[in-house]
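Structural description and commentary
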Amino acid sequence: LGFSLASMSSAVQPSSSRRAPNSSPPKGVKLRIATTVLALAYGVPLVTFITTFTLHYAGVNNNTKNIDMGVGNNVTGELVPTSIAYISDTINFYPTSNIGGLFVSVGAMCLLISICIRHVEINQKVVIAATKKQVSSPHAAALLRKRVRGVQVAAAVFAAFSAFGSIGVAAFQLHINFPVHMAMAGTFFLLGTLYCLLQVLIDFLLKLETLCLRVFRLAACIIMVVSTMVFVAPKPWMDRRAALDISAAFEILTFIAYLLFFASHHVNFRHLDVTVAVSDVRASSEARPGEQEMSAVEVFEGAGAEGA
């Protein structure tokens, strides 16, 4: 099953890669799933945690105390009353643990699909940006391709493990396995932030996004980094309850910045169509040249596939 970006808007598409006006799109089922999947990727986790926070504070979990996450010099495991709940506390016990386990997994799956679409979109934008540089500086064009593709590979690895970490957070509740839960949470936040930073780097390398959008994503990444540092930093000079409240607040801020970063991709995804085409490989391999049909998932960008 292939994955490709077949058509870009006329403002940035090289003339050699444009489809002929009368040409028909590849055979297959055209799905407007780009924005839908993206909305689910950040919408499902947002609604899930609003729900679990509400149930947590309503006392549904019968658990009004947070586990001391070691803010200070040691990890004691003692129960410390706090005013602000950590995200993990809201999915720690039944029934919110079931809600979190189910819908965090759904969100992670949608997130991975969105990241795959973004990956294909960037691959096409690399071709466009390199084409612009090819005439004036072939060496610069080749260097741009190499740099962006290297960053793309690293970002894809970080994204996959970050999504895995989010599922692990929901699967291993604090009261079940504290070390594994914390390791999964660290994997999600750390690698997720690195993925976002690499995407911002790609945006600035290609310079195909508006300056406003690039600055917005960069600001979201800065908030992620600063908030995470405040979240995990020891605070031995503070009262333990106050230290936990501050850490919990900045954890929530990190999570919100993460969701806003992905929400910003609606600017790009609203111009994408995804076409899924499936064919029998054995049958197509026996077809004559010109009749062979390739299985593919294709993404079209522009004013709709028909108007591209």
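First things first, this report covers the structure right here in the doc. What you are looking at is a predicted structure, and each value in this text was computed from that prediction instead of being measured. (Residues numbered from 1 in each chain as written. Predicted model: local features only at pLDDT ≥ 70, side-chain atom pairs only at ≥ 80, totals over all residues. Heavy atoms only, no water.)

**Structural notes on the overall build of the chain**
Heads up, the rule is: Secondary structure elements follow DSSP: runs of H or I of four or more residues count as helices, runs of E of two or more count as strands, with numbering from the N terminus. Exposure categories follow from relative accessible area, calculated using a 1.4 Å probe and restricted to protein chains: below 20% of the type maximum is buried, above 50% is exposed, and the middle band is partly exposed. Only heavy atoms enter the contact rule, under which two residues are in contact if any of them lie within 4.5 Å.
For the chain, the helix and strand inventory stands at 10 helices and six strands. The buried share of the chain, taken over its 308 residues, is 44%. Within the chain, residue pairs in contact and separated by at least 24 positions form 77% of the contacts whose partners lie at least 6 positions apart.

**Examining the nonpolar core**
Formally: Think of a nonpolar core as a cluster: buried Ala, Val, Leu, Ile, Met, Phe, Trp, Tyr and Cys residues, connected wherever their side-chain atoms sit within 4.5 Å.
Among the nonpolar cores identified, the biggest contains 28 residues, and Cys196, Leu206, Phe261 and Phe262 are the most heavily contacted of them. Going through the elements one at a time, helix 1 (34–57), helix 3 (96–134), helix 4 (138–171), helix 5 (178–206), helix 6 (211–232) and helix 7 (240–263) are the ones with two or more residues in this core. Per-element tally for this core: the top contributor is helix 5, with eight residues. Apart from the residues within four sequence positions on either side, phenylalanine 262 is in contact with Leu38, Tyr42, Leu111, Ile115, Tyr195 and Cys196.

**Considerations on a nonpolar patch on the surface**
Stated formally: For patches, a residue must show more than 30% relative accessible area and have no salt bridge; joins then use 9 Å for like charges and 5 Å for nonpolar side chains, namely Val, Leu, Ile, Met, Phe, Trp and Tyr. Here the open area of atoms and residues is found with the Shrake-Rupley method and a 1.4 Å probe, where only the protein chains shown may cover a residue. One speaks of a salt bridge when a side-chain nitrogen belonging to Lys or Arg is within 4 Å of a carboxyl oxygen belonging to Asp or Glu.
A contiguous nonpolar surface patch, about 910 Å² in accessible area, is contributed by Leu190, Leu194, Leu197, Phe204, Leu211, Val215, Leu218, Ile222, Val225, Val226 and Met229. Sorting the residues of the nonpolar patch by element identifies helix 5 and helix 6 as the ones contributing at least two each. Sort the elements by how many residues they give to the nonpolar patch and helix 6 lands first, with seven residues. Within the element layout of this structure, phenylalanine 204 appears in helix 5. On the accessibility criterion, phenylalanine 204 (30% relative accessible area) is partly exposed.

**Details of the side chain of lysine 125**
Put simply, the rule is: Whenever a nitrogen or oxygen atom comes within 3.5 Å of another N or O atom, the pair is scored as a polar contact, on the condition that within protein one atom can donate a hydrogen and the other can accept it, and that pairs from neighbouring residues in sequence are kept only if both atoms are in side chains.
Take lysine 125: it is sitting in helix 3. Looking at lysine 125, its side chain comes within polar contact range of the side chain of glutamate 121, at 3.0 Å. Within polar-contact distance, the side chain of lysine 125 engages the side chain of glutamate 209 at 2.9 Å.

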